[in-house]
Amino acid sequence: MTTALHPIPTDAAALALAAQRLRVELGPARSRRRVLDGVDVAIRAGRWTSIVGPNGAGKSTLLRALAGLVPAQGNVSLLGRPLVQWPHRQRARTLAWLAQGGAVDAGADDLTVYDVAMLGRLPHRGWLAPPSPADHAAVEAALRQTQAWEWRERAFGTLSGGERQRVLLARLLAVQAPVLLMDEPLANLDPPHQADWVALVRALVAQGNTVVSVLHDLTIALQADELLIVAAGAVRYHGMCAARQTQQALEAVFEHRVRVVGSDVGLVVVPDVSSTPPGSLSSGTTSWNPS
Amino acid sequence: MKPSVWSLRLASAPAPLTSPTAARCWPLAAALVLAAAVLGTLGLGVGSTGIEPVWAMLADPIAAQIVWDIRAPRTLGAWAAGALLGLAGAVAQGLFRNPLADPFLLGSAAGASLTVALALAALGVSPFAATWIVRLGLTGAAFVGAVAAVLLTLALARGVQHTLRLLLAGVVVGMVLGALTSLVTLLVPDVLQAMQAFLLGSTGFVGWSACAIMMAVGTVCIGAAWALARVLDGLTLGEATAQSLGLPLAPLRLALVAVIALATGTAVAQTGLIAFVGLAAPHLVRSLVKVTHGWLVALASLMGGLLLMAADLLARGLVAPQEIPVGVLTAVLGGGYLLWLMHRRAG
Amino acid sequence: MRRMGWPVWALALGLVGWLGAAWAQPITVTDDRGRTVVMPAAPQRVVSILPSLTETVCELQQCHRLVGVDRYSNWPAAIQALPRVGGGIDPNVEAIVALRPDVVLAAVSSRGSERLEALGLKVVALEPKTHADMRRVMGTVARVLGLPAEDAERLWRHIDAAVSAAAQSLPPNVRRTKVYFEVNRAPYAAGASSFIGETLARLGAQNIVPAELGPFPKLNPEFVVRANPDVIMVGARNAPGMTERPGWERIRAVRERRVCVFANDDADTIIRPGPRLGEGARLLADCLRKHVQP
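Every value quoted in this text rests on a predicted model; they were computed, and no experiment measured them.

A.B. asks: Describe the overall build of chain C, listing the residues and the values that go with them.
C.D. replies: Each helix and strand counted, chain C has eleven helices and eleven strands in total. On the principal axes, the C-alpha backbone points of chain C span a range of 85 × 50 × 35 Å. When the 294 residues of chain C are sorted by exposure, 46% land in the buried category.

Listed below in structure tokens is the structure:
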């Protein structure tokens, strides 16, 4: 069931993030659900790893656990050092996390785009100090990278979904952290911006950063260096994206409802609509016979 | 290579000397302070005996006493109480990420009402007794009650980790203490009228010592809130993001709750329960400028002070020589503003 | 004659001096808060923010010394022209100070007392709740005003005689009459230990609300039905709808229409623990006389 294609490197320094026997239970005391069950993960530094899996598999929870944002049992270590031993600010400067869903409540609506991006500099700023020139430079760079610089004075609440997502990405980039964890970073982005996000991530990785992204878009997920497949609270597969076994594992975990096909722009993953499979979305009903 | 929509070249433009935020905010702050100064001067001439004492000030010591010992501290006290409430409102709205949050959210109003009712009842029952309640006075009782209610809310919510639980605990504490207050007024019906006066709020009993207390507490609270403003900023993107940015949420949120409790308790102790100032002041500021919380708490204080001072002037001057309870005026003004806001958002 | 002139003059001077000294004697009074108030001389300008104290001052023939009253004081007619300085609970501090009073007479539960004292005014807080309190408070007010204690005692005897006269004017079977006095619509009743209850007791009537329940208990209306009073007394403000309460048509007083509704002025007289106590007793006696079965 769980097959790692390559052995997990014993050299801890080559790992940006590692977790052993990770267990996460969520929910109120009476109905706790085990979301992650004894998961072992090794994320190599300087790579782009995509985490994919069916709905409810525990991908977001895994990302949160790696970022230290949910109470978890087991060990998580960042750059070879246990996560709990990292001082808050140092950890925040090293590991940046982007939430799923893009600030759904109206908390930031009255801030300008510039101020939202400047929030990413909080781990770097002195406690009572105003933003330094380095902070301003980082925010400007981040906003330009996400093409949000032109409307930096606009209120966050007046932006569309895609524009907000780009500002939140700029916030993430402004941290200038070597390890970036992103949960559904492509939400609301149109295809041109999705393509540029891929280019941005590739550039970041080329500079030596580590990127981990939870994606539901499998085509883009396969653009990464490594693929991590999570299903039902366990890691089912971890391997290089280019390998044939990875593509087979992907098809397998989605019960062969998806197909990986080659094209002139690379690998594309499509849902398989060619035949009506047994057991439809609303299981328990008879399948509809067109004839 | 297809041209990219995003440019990857880092810009090397020089950093701006003053942040654009500051450029927006200083004029507003100056305007609020100026308006407060103008209204404050006007306040010296408004009261049940009209403008005469001002002219007679130099000759008549009683007129001078009216102007300097009664009207001046009332006007300044109204500003200070409004500033405290505006500050507490801004912090509450940021802490709970709820634009409808007000300073009394954590049960402090109900707590103050209960201890005031108990103090009034004790006064009535044993007028000769030098009990601690009599010594404390109504002012001290109100402050103790407000702070104790917030502590009770914290205990009920078992800390500040869960915002929703804290909100819910605040509602519960408010209801339970409110019911207890009603019980006290039932058992000792004499206190009912006095309670009503307290509930509607008034600056009528504010002297120079009360002003000094409010200004001192206000300075401490503004300093603390400004220092902790980045927690509020971080929280705007959600608790998980704030945590990922390295903010130690639990102790700092506790500190912010303490700021709310202290500011609200002090204001309630001196002027009773005055609604809407804490709710409306941050909204008014946000409708004028878009700022982070460091500026917001300061501007909301100034705005709250101006609001309450204006309401107090109207309360004293509209039907002179009688007075309207200032809480009624703030409710009318604040409610009207919120209605207009709703109308504007809907349209 | 001339040789005897100077002792007479000396005596006269001494008398005048003694009277003057008495007049200018500092007055020390302990009020109901337990605070001791010292006034350098008998106060000439008095502000009263409790109606019963206003009436007491006027009944002691010192109405001319009042310079300001609260908005609820409405008797006697001499004070109608005086400026109103707010209520007992919310006194208008500025208006009181502007009147330059030598002393302020207030209730114990009045909140402005501390503020007024902080501004340098003398405040004497008195709040009579029972007949015994009333007698004592009258004495205190007399002392505050620099009057001999005899004046207050005379006033009290006068009131006491009026109450006794009212009591004597009633037939003996008033002792079997059960009375319910409703103060307020909640309903709050006047219990036997209250001020009104004491007056009713002096008149000989039985109060359906025993002393254990306190002076002004909030009753369950069912209690009144069970107690089945013979006479019900209520003020005009609170009367509408009282007899329509569920189950009340069974009460003897309602069935036989033995309900006294006091006009607002009369109701004020009855429920104020002031010098019009005798007048209030007379009003209560009139009601009882009308409705007590011979």
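A.B. asks: Account for the overall build of chain A, naming residues and giving values.
C.D. replies: Each helix and strand in chain A was counted, giving eight helices and 13 strands. By residue count, 43% of the 291 residues in chain A fall in the buried class. Long-range pairs, those at least 24 residues apart, make up 65% of the contacts in chain A with a sequence separation of at least 6.

A.B. asks: Please set out the pairing of strand S12 (residues 258-263) of chain A residue by residue, giving values where relevant.
C.D. replies: Residues and elements named next belong to chain A. Where burial is concerned, little of S12 is hidden: zero out of the six residues are buried. In this structure, S12 lies alongside strand S13 (residues 266-271), joined through six bridges in antiparallel fashion. The partner of Ser263 across the bridge, within S13, is Gly266. Hairpin remark: S12 followed by S13, antiparallel, with two residues in the connecting loop.

A.B. asks: Any details on the interface of chain C and chain B? Residues and values, ideally.
C.D. replies: In this assembly, 23 residues from chain C lie in contact with 29 residues from chain B. If you list the elements that add at least two residues to the side of chain C that touches chain B, you get helix H3 (93-98) and helix H4 (113-118) of chain C. Its residues assigned to classes, the side of chain C that touches chain B comprises ten nonpolar, four polar and nine charged.

A.B. asks: Before we move on, can you summarise the sheet that holds strand S2 (residues 15-26) of chain A with the specific residues and values?
C.D. replies: Residues and elements named next belong to chain A. On the basis of which strands lie adjacent, the open sheet formed by four strands has the order S3-S2-S5-S6 and antiparallel pairing. Two strands in the sheet have a free side with no partner beyond their single neighbour: strand S3 (33-44) and strand S6 (81-82). Examined bridge by bridge, strand S5 (residues 73-78) and S6 share two bridges and lie antiparallel to one another. The residue of S6 that forms the bridge with Leu78 is Arg81. Packed onto the sheet, helix H1 (residues 59-67) meets S2, S3 and S5 and runs at close to 120° relative to S2.

A.B. asks: An account of the environment of Ala197(B) is needed here, citing residue identities and associated values.
C.D. replies: By secondary structure assignment, the location of Ala197(B) is in helix H7 (residues 191-200). Since 18 C-beta atoms lie within 10 Å of it, Ala197(B) is described here as partly exposed. Taking the C-alpha atoms as reference points, Ala197(B) and Gly327(B), separated by 130 residues in sequence, lie 9.9 Å from one another. The contacts of Ala197(B), once residues within four sequence positions are left out, are Ser202(B), Ile89(C) and Asp90(C).

A.B. asks: Report on the interface of chain B and chain A, specifying residues and quantitative values.
C.D. replies: With 33 residues of chain B at the interface, the matching set in chain A holds 41 residues. Elements represented by at least two residues in the side of chain B that touches chain A include exactly helix H1 (20-43), helix H9 (229-235) and helix H10 (239-244) of chain B. Residue composition of the side of chain B that touches chain A, grouped by class: 16 nonpolar, twelve polar and five charged.

A.B. asks: Give me the lowdown on helix H4 (residues 133-145) of chain A, citing residues and values where you can.
C.D. replies: Residues and elements named next belong to chain A. An ideal rise of 1.5 Å per residue puts 18 Å on 13 residues; H4 measures up with 18 Å between its terminal C-alpha atoms. Those residues of H4 that sit buried are Asp135, Ala138, Val139, Glu140, Ala141, Ala142, Leu143, Arg144 and Gln145. On its buried face, H4 is in contact with helix H3 (113-118), helix H5 (161-174) and helix H6 (191-206). Of the residues flanking the end of H4, it is Gln147, one or two places downstream, whose phi is positive at about 55°.

A.B. asks: Outline the sheet that holds strand S3 (residues 46-48) of chain C, supporting the account with residue identities and numerical values.
C.D. replies: All names here are of chain C. Taken in spatial order, the four strands line up as S4-S3-S5-S6 in an open sheet, and their pairing is parallel. Among the strands making up the open sheet, the edge pair consists of strand S4 (66-69) and strand S6 (123-125). Taking the axes of each pair of neighbouring strands and ignoring which way they run, one obtains an average angle of 20° across the sheet. Here S3 pairs with strand S5 (residues 103-106) via three bridges, running parallel. Following the sheet pairing, Ser48 is matched in S5 by Leu105. The strands touched by helix H2 (residues 51-59) are S3, S4 and S5; relative to S3, the strand with the most contacts, the crossing angle is about 140°.

A.B. asks: So what about the domain arrangement of chain C? Which residues, and what values?
C.D. replies: For interface size, the figure often reported is the accessible area lost on association. Residue and element names in this part refer to chain C. Here chain C is described as being made up of domain 1 (27-147) and domain 2 (171-291). Contacts between the two partners involve eleven residues from domain 1, matched on the other side by nine residues from domain 2. Looking at the side of domain 1 that touches domain 2, the elements that each hand over two or more residues are H2 and helix H5 (131-144). When residues in the side of domain 1 that touches domain 2 are grouped by element, the largest group, five residues, is from H2. Classifying every residue of the side of domain 1 that touches domain 2 gives three nonpolar, five polar and three charged.

A.B. asks: An account of the pairing of strand S7 (residues 95-98) of chain A is needed here, citing residue identities and associated values.
C.D. replies: When a strand is regular, its side chains alternate between the sheet's two faces. All names here are of chain A. Both faces of S7 are covered, namely the face carrying Leu95 and Trp97 and the face carrying Ala96 and Leu98. Here S7 pairs with strand S8 (residues 179-183) via four bridges, running parallel. Its bridge partner lying in S8, Leu95 is registered against Val179.

A.B. asks: Describe the packing of H5(C) against helix H6 (residues 149-168) of chain C, with residues and values.
C.D. replies: Residues and elements named next belong to chain C. Across the interface, H5 lies against H6 with an axial gap of 8 Å and an inter-helix angle of 145°. Both H5 and H6 take part in a crossing whose hand is right-handed. Residues Arg135, Met138, Gly139, Ala142 and Arg143 of H5 form the contact with H6, whose participating residues are Ala149, Asp151, Ala152, Leu155 and Trp156. Residue composition of the contact of H5 with H6, by class: six nonpolar, one polar and three charged.

A.B. asks: Any chance you could break down the confidence of the model for chain C for me, citing the residues and the numbers?
C.D. replies: On average, residues of chain C score 88 in pLDDT, and 94% of them are at 70 or above. Predicted as a complex, the structure gets a pTM of 0.82 and an ipTM equal to 0.87.

A.B. asks: Describe in detail the arrangement of the chains, supporting the description with residues and values.
C.D. replies: With two pairs of chains in contact overall, the greatest share of contacts is found between chains A and B. One finds no contact linking chain A with chain C; the least C-alpha distance across the pair is 41 Å.

A.B. asks: I'd like a rundown of the packing of helix H8 (residues 208-227) of chain B against helix H13 (residues 293-317) of chain B, residues and numbers included.
C.D. replies: All names here are of chain B. At a minimum axis separation of 8 Å, H8 and H13 run at an interaxial angle of 155°. Looking at the two axes, H8 sits roughly antiparallel to H13. The handedness of the crossing between H8 and H13 comes out as right-handed. On H13, the residues touching Ile222, Ala225 and Trp226 of H8 are Gly294, Val297, Ala298 and Ser301. Class assignment for the residues of the contact of H8 with H13 results in five nonpolar, two polar and no charged.

A.B. asks: Describe H6(C), and please don't skip the residues or the numbers.
C.D. replies: Residues and elements named next belong to chain C. For H6, spanning 20 residues, the distance from its first C-alpha to its last is 28 Å, which sits close to the expected 28 Å at 1.5 Å a residue. All of the buried residues along H6 are Ala152, Leu155, Ile159, Val163 and Ala166. Within H6, the buried residues cover an arc of 75° as seen down the axis, which keeps them to one side. Along H6, exposed side chains directed more than 90 degrees from the buried face belong to Ala149, Glu150, Arg157, His158, Ala161 and Gln168. Lining the buried residues of H6 we find H2, H5, helix H7 (195-203) and helix H11 (277-291).

A.B. asks: Lay out the confidence of the model for chain A with the relevant residues and their values.
C.D. replies: Looking at chain A, pLDDT values average 87 and 89% of them are 70 or higher. A low-confidence stretch, residues 1-8 of chain A (pLDDT under 50), is modelled with twelve contacts involving residues beyond four sequence positions or located in other chains.

A.B. asks: Which residues make up unusual backbone geometry, and what values do they have?
C.D. replies: It is generally the case that most residues other than glycine have a negative phi and that most peptide bonds are trans. That bond from Trp75(C) to Pro76(C) is cis: its omega, 0°, falls within 30 degrees of zero. As for its placement among the helices and strands, Pro76(C) is situated in the loop between S4 and H3. Unusually for a residue other than glycine, Asn188(A) sits at a positive phi of about 70°. Structurally, the position occupied by Asn188(A) is in the loop between S8 and H6. The partly exposed category is assigned to Asn188(A), around which 15 C-beta atoms lie within 10 Å. Of note in this structure, Arg97(B) is not a glycine but carries a positive phi near 50°.

Rules used in this analysis
- Residues numbered from 1 in each chain as written.
- Chains lettered and ligands numbered in written order.
- Predicted model: local features only at pLDDT ≥ 70, side-chain atom pairs only at ≥ 80, totals over all residues.
- Helix = DSSP H or I, 4+ residues; strand = E, 2+ residues; numbered from the N terminus.
- Buried ≥ 20, exposed ≤ 12 C-beta atoms within 10 Å, placed from the backbone.
- Contact = placed C-beta atoms within 7 Å.
- Pairing = 2+ DSSP bridges.
- Nonpolar A, V, L, I, M, F, W, Y, C, P; charged D, E, K, R; others polar.
- Axes fitted to C-alpha atoms, helices over the stretch in contact; angles between N-to-C directions.
- Expected span 1.5 Å × (residues − 1).
- Domains from an automatic or database assignment.
- Left-handed = near helix turned anticlockwise from the far one by under 90°.
- pLDDT = per-residue confidence, 0-100.
- Parallel < 35°, antiparallel > 145°, perpendicular 65-115°, else oblique.
- Arc of directions from axis to C-beta.

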